[in-house]
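# Observations on the three-dimensional arrangement
Here is how the chains run, residue by residue.
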Amino acid sequence: MRSFLRVFLLGIFLLVIGYFGACVGLKDNTSEMGQALNQFNVLTKEEPRYVKIDNSKAVDEDGYGNYEYTLTSYDQNGGKHPIKFTGMGKLKQDHYLKLTTKGTYVITYQEAFAKNIPHNVYEKLNK
């Protein structure tokens, strides 16, 4: 019975270590699996990120006008992160969006104006 308990506890320990390892390893992963894990990742906090729309990088994969964007986003401190999200229709070229994210999982997006974007982030979006 003691050996069963040891094996059981070792299995639980390995699952916990694997979960936290995946959470850390997939934080900036834009795959469907990475986004799904980030949605429930306890190590990743919700944070705003900013993007500038580039329609040359938009793809209408399903043919129904839902464009998938793969862009570079910047956090409040100017840290660079890949991001992938679906827009409801084609978004306005060169407009800015403020994304509410959890890792690479996009919770919401809304239009942002230059005056509301941190200065260092605004400069990086316009390089």
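Residues numbered from 1 in each chain as written. Predicted model: local features only at pLDDT ≥ 70, side-chain atom pairs only at ≥ 80, totals over all residues. Heavy atoms only, no water.

## Description of the packing of aromatic side chains
Two aromatic rings are characterised by how far apart their centres lie and by the angle between their planes. Worth spelling out the cut-off: Aromatic rings from Phe, Tyr and Trp, with only the six-membered ring used for Trp, were paired whenever their centres fell within 6.5 Å, and each pair was classed as stacked if the ring planes differed by under 30 degrees, edge-to-face if by over 60, and tilted otherwise. Helix and strand assignments come from DSSP, with helices taken as H or I runs of at least 4 residues and strands as E runs of at least 2, each series counted from the N terminus. A simple rule labels every residue: compare its accessible area, found with a 1.4 Å probe on the protein chains alone, to the largest value its type can have, and call it buried under 20%, exposed over 50%, or partly exposed in between.
This structure, assessed with the given rule, holds three aromatic pairs. Arranged with centres 5.5 Å apart and planes meeting at 50°, the rings of Tyr96 and Tyr122 form a pair that is tilted. Placement of the pair is Tyr96 in strand E5 (residues 96–102) and Tyr122 in helix H3 (residues 119–125), with a sequence separation of 26 residues. The class of Tyr96 is buried, set by a relative accessible area of 11%. In this structure an aromatic cluster arises from ring pairing among Tyr69, Phe85 and Tyr109.

## What about the nonpolar core?
Threshold: In these notes, a set of buried Ala, Val, Leu, Ile, Met, Phe, Trp, Tyr and Cys residues joined through side-chain atoms within 4.5 Å is what counts as a nonpolar core. What makes two residues a contact is simply this: any of their non-hydrogen atoms within 4.5 Å.
Core analysis: the biggest nonpolar cluster contains 12 residues, these being Val51, Ile53, Ala58, Tyr67, Tyr69, Leu71, Ile83, Phe85, Leu91, Leu97, Leu99 and Val106. Elements that contribute at least two residues to this core include exactly strand E3 (66–75), strand E4 (80–88) and E5. Among the elements that line this core, the one with the most residues is E3, at three residues. When sequence neighbours within four positions are dropped, the list of residues in contact with Ile83 reads Thr30, Arg49, Val51, Tyr69, Thr70, Leu71, Ser73, Leu99, Thr101, Gly103, Thr104 and Val106. Residues Tyr50, Tyr74, Ala112 and Ile117 belong to the second largest nonpolar core, which totals seven residues.

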